[in-house]
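Tertiary structure, described
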Amino acid sequence: MKKVYIFIFTISAILGSAQEIDSAQLISEVRIDAYKKPTAFISSTKSVSVVSEILLDQNPPERMLESINQIAGARMEERSPGSYRISLRGSTLRSPFGVRNVKVYLDDFIFSDASGNTYFNVLSPELISRMEIYKGPESGDYGAVTGGTILLKTTASDKTSFSLASGSYGMFNQSFDFSKKMGKHFVEVFQNYYQTDSYREQSKAKRKQLFIKDHFKYSENGLLKAMLLYAELGYQTPGGLTLEQMEADRKQSRPATKTLPGAKEQDAGIRNKMLLAGLSHEYNFNHNFSHFILVQGSYVDFENPFITNFENRFEKNFALRTHLNYEKNWKNIVLAYRFGFEGGINDIMIKNYDNNRGTEGSPQNFDKIKNISGFYFISQKLNINERLFTDISLSLNSNSYEWERTYPESENGTVKYKNQWLPNFGLSYLLAKGFSVRAKAGKGNSAPTNEEIRASDQRFNPDLRPEYGWNKEFGIRKQFGNIFFAEGNYFDFRMKDAIVRRQNQAGQEFFVNSGATVQKGIEILLESKNFNLKNEIFSFFKFRFSGSFYHFKFKNYHQNDADFSGNDLTGVPRTTINSLVNFVLFKKLSVDYSHFYTSKIPLNDGNTVWSEPSMVANMRLNFPFELDKTKLNLFLQIQNIYNEKYVAGFDINAFGNRYYNPAAKRNFIFGVKAVF
C-alpha cells in the first residue's frame, strides 16, 4: 500500500511539467447555493464542502458512501446494505442506524422530519447531481442541529439516460432519468430499481424509487416548483458479531444464544414505504424584495422485525418554510437580509408485537408520539468591496412532544424543551484573488429524536435532554495559480449533555445524556485541476487529497462508578485520509483510483475495545463511445481492491461485545449508461 501512495505523490510532483491545463473548475471557483444564499466558495464564511459529479461517480448504485467519505469531516458508515449512518464531525455517537443530528434538504424541500430523523437510505445515488455538506451548527439557516447540514441537488439540465449494472453477490441495478425544459416548465422523471443478495447471510436488499418534479416559470418574476417522491426499501439486517464470531465466519449473521434467537431465525430487517410531496413558490417583487414559501407532507409505513419484537410505525409529516428576502447593491457594498420561519409536525403511531420468525405475534406495546418543532430566523449578509464578507444570523428554536401509551395500559405525558436562541457569526476576508481567511462561531442545539425518546427498549424517556454547545473555527483557502487549490480548517466544539447510545442485555437500545465532550480537529483538502499532458498514452491527470485529524474527548462523564472523563469519544477515528486520482489513457479510458484510510476507533465509552485501522481502495474504469447519436459509457468498478478484512460500520457500546458488521471483500460491478 505504501507503493500506491509513493506513486501518487511522485505523479503529483511531476505535475509542474504538464504542458497545458484544461478549463475544468477548481472547487475555489464554484458557487454554492447555501439554500438560496448563493456565494462564491472562496469567500464563503461557512465550513462547506461540495460533492461534485466526479465524486458522485465513485458511488456504487446502492449508496453514497464513497463520495461522502472523500470529504474531510464527513463520514458515512454501512452496517449492511441499506443500513447507513452519516456523521459530520463525530455525530454518529447517537445513531445506531439511520441519520440523526444531520439536517438534510432535497432541492427546496426538507427531507428530515420534525424530530430530526432522516430516511437517507431510500434515495438512489443516481438521483443526486450535486451535494453541499455544511459541517457544524448552522442554526441561523437550518435550525437546531449540532452535526451539520446536507443539501442534495437533482439535475438542472436537459438529459435522457438509461443505465444497467450487475455485480457480485447478485447485485442488479437499473435506472431511467428524463429531464427537459418544455416551454415554461422544466420536468424531471427519475426511476430506479436495485437489489442485492449481499455479502453476509441475512442481508438481502431491494429498493424501488420514483421521483417527479416540475419547475414552472410562469412569469419573469415567479417560479413554482412541485415534487413527488415514492420509495420502497426492504433490507435484511444480519446483526453485529463478536470478534471471535467474525474471525470464525465473516459471512454469518448474528447467531442464536441460549436465551435469544438469531437474526436469520427472526428474519430481522427493515421494510420502509415512503411518499413525500411538496410545493414551493418563489417570487421577486422587484430588484430588492423577494419571497419564498414551501409546504410539504409525507407518509411513512415502516416495519422492523427485530430479535425481540416486531415493530410497525406509521408516520405522518407536515412541514412549512417561508422567508422574506431583501438585498440592496451600492457601488462597493452589497447588503442582504432574510427573515423567516421553518417548522414541522411529526405524528407517529408505533405498534410492537412479539416476533414469531418474521411475523407479528402477540401485542407488546402500542404508543403515539407527536413531535412539533420549528424556528424563526433572521440573517444578514454584508459584502464590502468584494473583499470583506460577513454572515450573521440568529434563530429562536422550539421543540416539544406529546406521548401516549394506549396498550397494554393507558398513560400519557407532554415534554416541552426550553426555547433556544442560537446565534451564528461568520467572517471571511479575501487577502488576494483566490486567497481567503475566515472565522466562525456558532451555537448548536439538538433535541432527541422520536427513536431516542422511545427507543427499541419501548420505554419513554422524558428525562432525556437536548445536547448543545458552541463551535468556533478558523479556515484558510488558497488557490495556486490555475493549478491547485488547498484548504485547511481548525475547529473547537464544546458540547454539553451529549446524547449517547446504550444497549441492554437483549440488544435493545436506549439513550442517556453523557455529560460533556471536547471536540477539536483539523481538516485539510488539496485538489488539482485536470492536467492535459499532451501524451497519446497518458492523456489527462487529476487528483484530490483530504484528511481529518481529530482530538475528541469526553469531559466530566461518569457512568455508575466508572469515570470516563478524558477518554476518546466513542465511534470516532482520530485520523482519516482519503485520496482520489483520475487519469485518462489513450484519450479514451478513464480510471478513478481512490483510497480510504481509517485509524483505529474506540468501540465503547470505556475505551477498552478498539477496532483495527483499515485501508480500503476502489477503482472505476470508464470507457465512453458513441453509437449513432447515443453516448454510451461502459464502466467496471472494483470495490476493495486489496481484499481488506474491514468493518464499514460498527455497533458502538454493543452489549455482549457484538461490535462488528463485516464488510464485503473484493467485489465487482459492471454496467453501461446510455445518454440519448
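Just so you know, these numbers come straight off a predicted model, no measurement behind them.

Counting secondary structure elements, the protein chain contains 6 helices and 40 strands. Relative to a compact globule of 676 residues, whose C-alpha radius of gyration would be 26 Å, the protein chain shows 25 Å and is just as compact. Principal-axis analysis of the C-alpha atoms places the extent of the protein chain at approximately 70 × 55 × 55 Å. For the protein chain, with 676 residues in total, the buried portion stands at 59%. Counting contacts in the protein chain only where the partners sit at least 6 residues apart, residues at least 24 apart contribute 65% of the total. Of the roughly 27,200 Å² that the protein chain leaves accessible, carbon and sulfur atoms contribute 58%. Distance between charge centroids for the protein chain: 4 Å, based on 84 positive and 70 negative side chains.

This part takes up the nonpolar core. Among the nonpolar cores identified, the biggest contains 60 residues, and Phe 111, Phe 120, Leu 123, Met 131, Ile 150 and Leu 152 are the most heavily contacted of them. With 5 residues, the single largest contributor to this core is strand 17 (residues 222–236). Other than its neighbours up to four places away in sequence, Leu 152 contacts Val 104, Tyr 105, Leu 106, Asp 107, Phe 120, Leu 123, Ile 128, Arg 130 and Met 131.

Next up on the list: the packing of aromatic side chains. Tallied over the entire structure, the rule returns 30 aromatic pairs. Centroid distance Phe 538 to Phe 541: 6.1 Å. Interplanar angle 45°. Geometry classified as tilted. Here Phe 538 falls in the partly exposed class, since its relative accessible area comes to 23%. With 5.6 Å between their ring centres and 70° between their planes, Tyr 557 and Phe 564 make a pair best called edge-to-face. In terms of burial, Tyr 557 and Phe 564 fall into one category: buried. One aromatic cluster is present, built from ring pairs that chain together Phe 484, Phe 531, Phe 538, Phe 541, Phe 543 and Phe 583.

Here we come to unusual backbone geometry. Generally, phi is negative for residues other than glycine and the peptide bonds are trans, each holding for most cases. The omega angle of the peptide bond from Tyr 407 to Pro 408 is 5°, so this bond is cis rather than trans. By secondary structure assignment, the location of Pro 408 is in the loop between strand 23 (388–407) and strand 24 (411–416). The residue Ser 198 is not glycine, and still its phi comes out positive at about 75°. Residue position: Ser 198 is located in the loop between strand 15 (185–196) and strand 16 (205–216). Unusually for a residue other than glycine, Asn 653 sits at a positive phi of about 55°. Along the chain, Asn 653 turns up in the loop between strand 39 (630–639) and strand 40 (667–675).

Position of Ala 156 among the secondary structure elements: in the loop between strand 12 (148–153) and strand 13 (159–167). Ala 156 sits in the exposed class, given a relative accessible area of 72%.

Moving on: the pairing of strand 16. Burial of the side chains of strand 16 is restricted to one face: Ala 205, Arg 207, Gln 209, Phe 211, Lys 213 and His 215 are buried, whereas none of Lys 206, Lys 208, Leu 210, Ile 212, Asp 214 and Phe 216 on the reverse face is. One ladder, built from 12 bridges, connects strand 15 with strand 16; its direction is antiparallel. Bridge pairing in strand 16 links Val 187 to Asp 214. Across 12 bridges, the pairing between strand 16 and strand 17 is antiparallel. Paired with Lys 206 across the two strands is Gly 234, which belongs to strand 17. A loop of 5 residues connects strand 16 with strand 17, the two strands running antiparallel in sequence.

By the element assignment, Val 122 lies in the loop between strand 10 (117–118) and strand 11 (130–135). In this structure Val 122 comes out as buried when scored by relative accessible area, which is 0%. For the pair formed by Val 122 and Thr 322, sequence separation is 200 residues and the distance between their alpha carbons is 26 Å. Residue contacts for Val 122: discarding those within four places in its chain leaves Phe 111, Arg 207, Gln 209, Ala 231, Leu 233, Asn 272 and Met 274.

This paragraph deals with the sheet that holds strand 9 (residues 109–110). One open sheet accounts for 5 strands, arranged 4-11-12-8-9; its pairing is mixed. The outermost strands of the open sheet, each flanked by one partner alone, are strand 4 (48–51) and strand 9. Note that strand 8 (residues 102–106) and strand 12 share 5 bridges and pair parallel. Directly across from Val 104, in strand 12, lies its bridge partner Ile 150.

Per-residue confidence for the protein chain gives a mean pLDDT of 92; residues scoring 70 or more make up 95%. Note on residues 1–23: pLDDT under 50 across the span, and 37 contacts to partners over four residues away in sequence or across chains.

You can see Asn 317 is positioned in strand 20 (residues 310–329). Residue Asn 317 is classed as buried on the basis of its relative accessible area of 13%. A polar contact of 2.5 Å, which involves the side chain of Asn 317, links it to the side chain of Asn 346. Look past the residues within four positions of Asn 317 in its chain and what remains in contact with it is Asp 113, Gln 296, Gly 297, Ser 298, Val 300, Ile 345 and Asn 346.

Extensive coverage of strand 37 (residues 589–598) is indicated by the burial of 8 of its 10 residues. In sequence, strand 36 (residues 575–585) turns back onto strand 37 through a hairpin of 3 residues, with Phe 586 there showing a positive phi of about 55°. Here 9 bridges tie strand 37 to strand 38 (residues 614–627), and the two strands are oriented antiparallel to one another. Bridging across to strand 38, Tyr 597 finds its partner in Met 615.

A separate point is the side chain of Asn 582. In this fold, Asn 582 is placed in strand 36. A residue is classified by how much of its surface remains accessible, and Asn 582, at 8% relative accessible area, is buried. There is a polar contact of 3.5 Å between the side chain of Asn 582 and the backbone oxygen of Val 591. For Asn 582, the contacting residues outside a window of four places in its chain are Ile 54, Phe 540, Phe 541, Lys 542, Ser 590, Val 591 and Asp 592.

Turning our eyes to something else, we now look at a nonpolar patch on the surface. A grouping of Leu 224, Leu 279, Ile 293, Val 295, Phe 318, Ile 345 and Ile 372 is seen on the molecular surface, where their side chains present a nonpolar patch of about 510 Å² in accessible area. Relative to the helices and strands, Ile 345 resides in strand 21 (residues 333–355).

Thresholds, definitions, all that
- Residues numbered from 1 in each chain as written.
- Predicted model: local features only at pLDDT ≥ 70, side-chain atom pairs only at ≥ 80, totals over all residues.
- Heavy atoms only, no water.
- Helix = DSSP H or I, 4+ residues; strand = E, 2+ residues; numbered from the N terminus.
- Rg over C-alpha atoms; globule rule 2.2 N^0.38 Å.
- Buried < 20%, exposed > 50% of the residue type's maximum accessible area, 1.4 Å probe, protein only.
- Contact = heavy atoms within 4.5 Å.
- Areas by Shrake-Rupley, 256 points an atom, 1.4 Å probe, with all protein chains shown as cover.
- Lys, Arg positive; Asp, Glu negative; His and termini not counted.
- Charge placed at Lys NZ, Arg CZ, Asp CG, Glu CD.
- Core = buried A, V, L, I, M, F, W, Y, C linked by side-chain atoms within 4.5 Å.
- Phe/Tyr/Trp six-rings, centres within 6.5 Å; stacked < 30°, edge-to-face > 60°.
- Pairing = 2+ DSSP bridges.
- pLDDT = per-residue confidence, 0-100.
- Polar contact = N/O pair within 3.5 Å; in protein donor to acceptor, adjacent residues only side chain to side chain.
- Patch = residues over 30% accessible without salt bridge, like charges linked within 9 Å, V, L, I, M, F, W, Y side chains within 5 Å.
- Salt bridge = Lys/Arg side-chain N within 4 Å of Asp/Glu carboxyl O.

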